[in-house]
Amino acid sequence: MKKHQIGNSLLLLLTAIVWGVAFVAQSVGMDYVGPFTFTSVRSLIGGVFLIPCIAFLQWLENRTKKRTLEGGGAPKQPEPLLSREQQQKQRRLLLLGGVLCGLALCTASCFQQFGIQYTSVGKAGFITAFYIIIVPVLGLFLKKKCGPLVWIGVALALAGLYFLCINESLHIGLGDLLVFICALLFAVHILVIDYFTQRVDGVKMSCIQFFVCGLVSGLGMLLVEKLQISQILAAWKPILYAGMLSSGVGYTLQIVGQKGMNPTVASLILSLESVVSVLAGMLFLEQTLSNREILGCVLMFGAIVLAQLPQGKRTSS
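Residues numbered from 1 in each chain as written. Predicted model: local features only at pLDDT ≥ 70, side-chain atom pairs only at ≥ 80, totals over all residues. Heavy atoms only, no water.

Here we come to the overall build of the chain. Regarding its fold elements, the chain presents 13 helices and zero strands. Walking the chain from its N terminus toward its C terminus, one meets helices and strands in the order α-α-α-α-α-α-α-α-α-α-α-α-α. Principal axes of the C-alpha set define a box for the chain whose edges measure 65 × 50 × 40 Å. Sorting the 317 residues of the chain into buried and exposed places 45% on the buried side. Counting only carbon and sulfur atoms, one obtains 67% of the accessible surface of the chain, whose full area is about 17,000 Å². In the chain, 24 positive and 13 negative side-chain charges are present, and the distance between their average locations comes to 12 Å. (Helix = DSSP H or I, 4+ residues; strand = E, 2+ residues; numbered from the N terminus. Buried < 20%, exposed > 50% of the residue type's maximum accessible area, 1.4 Å probe, protein only. Areas by Shrake-Rupley, 256 points an atom, 1.4 Å probe, with all protein chains shown as cover. Lys, Arg positive; Asp, Glu negative; His and termini not counted. Charge placed at Lys NZ, Arg CZ, Asp CG, Glu CD.)

Written out as structure tokens, the structure reads:
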């Protein structure tokens, strides 16, 4: 493995750790504020944090181009200049992508935030990770085929969910159900992102989506919850962690870390987020899992790995 790939792998591992521990912050935050309030404030913080990150990534890109030219590398063909009409169309597409991603992120995050009140952070982390399995299955509606490993992963994931969520009396907990709905919504969110990032700047779109998510969940906060600034200030640690580190820093580390990395390797490293959530719950909240739930986690993680392994060239129908 090349030196820069080792560095990028460490960045992605750090991202997985940051995201996994964020489940603890989300759980602790519920001791002070409501789900809509937490989601709104953390999203707005994430959006504000991404503004200087966009400037930094632009500077990094310009610096890389400059070094390439100074090193005698072949310059890339200059991108064709866009007309004013094309620029306006590009801006409208960026705004549309940001709004749609923001709405999807808002609904998914709110369901997760409501659900995490009634379940452990470890279970929430693994159930949320189910979106990795759902995405290729939903891709069938977009005429994308699933390989056999994905279907094996689906079977494993369903078995894992059974052991994680269904107790001996065959009842599913409210929190587990809400987080499962969150996983479905995150899968939709990923597909929306996949469509628009091929057409617009991904980081700028993410910045817009955070502001949209913050404003929409803020509306829910004003309608359903009682806004108390004192409670928000009391929850500043978990909110700041979720907003700045999980949303802002985590997303930026992912963007930088994935450059030049094999997508499969990158996805596998990032999927360790679910494992970290279990360890973080044990370490910070003293939450434990039963043997039945641990078996469910093992099956779920196996399914996640299978779903991300290369399966040859996929074709559209």
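Picking up after the structure, the text goes on.
A word on the state of the cysteines. If you walk through the whole model with that rule in mind, you get zero disulfides. Of the cysteine sulfurs around C110, a residue in no disulfide, the closest is that of C106, at 4.1 Å. With a relative accessible area of 6%, C110 lands in the buried category. Just so you know, C297 is unpaired, no disulfide at all, and the nearest cysteine sulfur is the one on C165, 9.5 Å from it. (Disulfide = S-S within 2.5 Å.)

Quick look at the pattern of salt bridges now. Applying the stated criterion across every chain, the model contains two salt bridges. One salt bridge in this structure joins D176 and K123, with 3.0 Å as the shortest N-O distance. Residue D176 is found in helix α7 (residues 174-197), and its partner K123 is found in helix α4 (residues 121-128); the two are separated by 53 residues along the sequence. In this structure D176 comes out as buried when scored by relative accessible area, which is 5%. (Salt bridge = Lys/Arg side-chain N within 4 Å of Asp/Glu carboxyl O.)

Attention shifts here to the side chain of R42. As for its placement among the helices and strands, R42 is situated in helix α2 (residues 35-70). For the buried R42, no salt bridge exists, and the shortest N-O distance to an oppositely charged side chain is 8.7 Å, to E273. Discounting residues that sit within four places of it in the chain, R42 has contacts with Q26, I239, A242, G243, S246 and S247. (Contact = heavy atoms within 4.5 Å.)

This next bit is on the nonpolar core. The biggest cluster of nonpolar side chains holds 51 residues, and the ones touching the most others in it are F130, I133, L164, I239 and M300. Top contributing element to this core by residue count: helix α1 (residues 3-29), with eight residues. What I133 contacts, discounting residues up to four positions off in sequence, is G153, V154, A157, A303, I304 and A307. Judged by nonpolar contacts, the second largest core, of 16 residues, contains C106, A108, C110 and C207. (Core = buried A, V, L, I, M, F, W, Y, C linked by side-chain atoms within 4.5 Å.)

As a further point, take the packing of α4 against helix α12 (residues 273-285). Running from N to C, α4 and α12 point in directions that differ by 170°, and their axes come no closer than 7 Å. Taken together, the axes of α4 and α12 are roughly antiparallel relative to one another. The segment α4 lies against α12, with V121, G122, G125 and F126 engaging S274, V275, S277, V278, G281 and L285. Per-class residue counts for the contact of α4 with α12 are five nonpolar, five polar and no charged. (Axes fitted to C-alpha atoms, helices over the stretch in contact; angles between N-to-C directions. Parallel < 35°, antiparallel > 145°, perpendicular 65-115°, else oblique. Nonpolar A, V, L, I, M, F, W, Y, C, P; charged D, E, K, R; others polar.)

Let's shift gears to the side chain of S43. Position of S43 relative to the elements: it lies in helix α2. Judged by its relative accessible area of 4%, S43 falls in the buried class. In this structure, S43 is in contact with F210, C213 and G214, ignoring residues within four places of it in sequence.

It is worth spelling out a nonpolar patch on the surface at this point. A cluster of nonpolar side chains, I6, L10, L13, L14 and I17, forms an exposed patch at the surface whose accessible area comes to about 410 Å². You can see L13 is positioned in helix α1. (Patch = residues over 30% accessible without salt bridge, like charges linked within 9 Å, V, L, I, M, F, W, Y side chains within 5 Å.)

A few words on a positive patch on the surface. Taken together, R84, K89, R91 and R92 make up a surface patch of like positive charges. Turning to its location among the elements, K89 is positioned in helix α3 (residues 84-115).

Relative to the assigned elements, A266 resides in helix α11 (residues 263-270). Considering only alpha carbons, one finds A266 and S9, 257 residues apart in sequence, at a separation of 7.3 Å. Discounting residues that sit within four places of it in the chain, A266 has contacts with L12 and Q258.

Now for the packing of aromatic side chains. Scanning the model with the defined rule gives six aromatic pairs in all. Between F36 and F114, the ring centres sit 5.4 Å apart and the planes meet at 80°, which makes this aromatic pair edge-to-face. Residue F36 is found in helix α2, and its partner F114 is found in helix α3; the two are separated by 78 residues along the sequence. Judged by its relative accessible area of 17%, F36 is buried. The exposure class assigned to F114 is partly exposed, which follows from its relative accessible area of 28%. Measuring from ring centre to ring centre gives 6.4 Å for Y131 and F186, while their planes differ by 50°; the resulting arrangement is tilted. One end of the pair, Y131, is in helix α5 (residues 131-138); the other, F186, is in helix α7, and 55 residues separate them in sequence. For F186, a relative accessible area of 15% translates into the label buried. Cation over ring: R199 sits above Y195, and NZ or CZ is 3.8 Å from the ring centre. (Phe/Tyr/Trp six-rings, centres within 6.5 Å; stacked < 30°, edge-to-face > 60°. Lys NZ or Arg CZ within 6 Å of the ring centre and 35° of its normal.)

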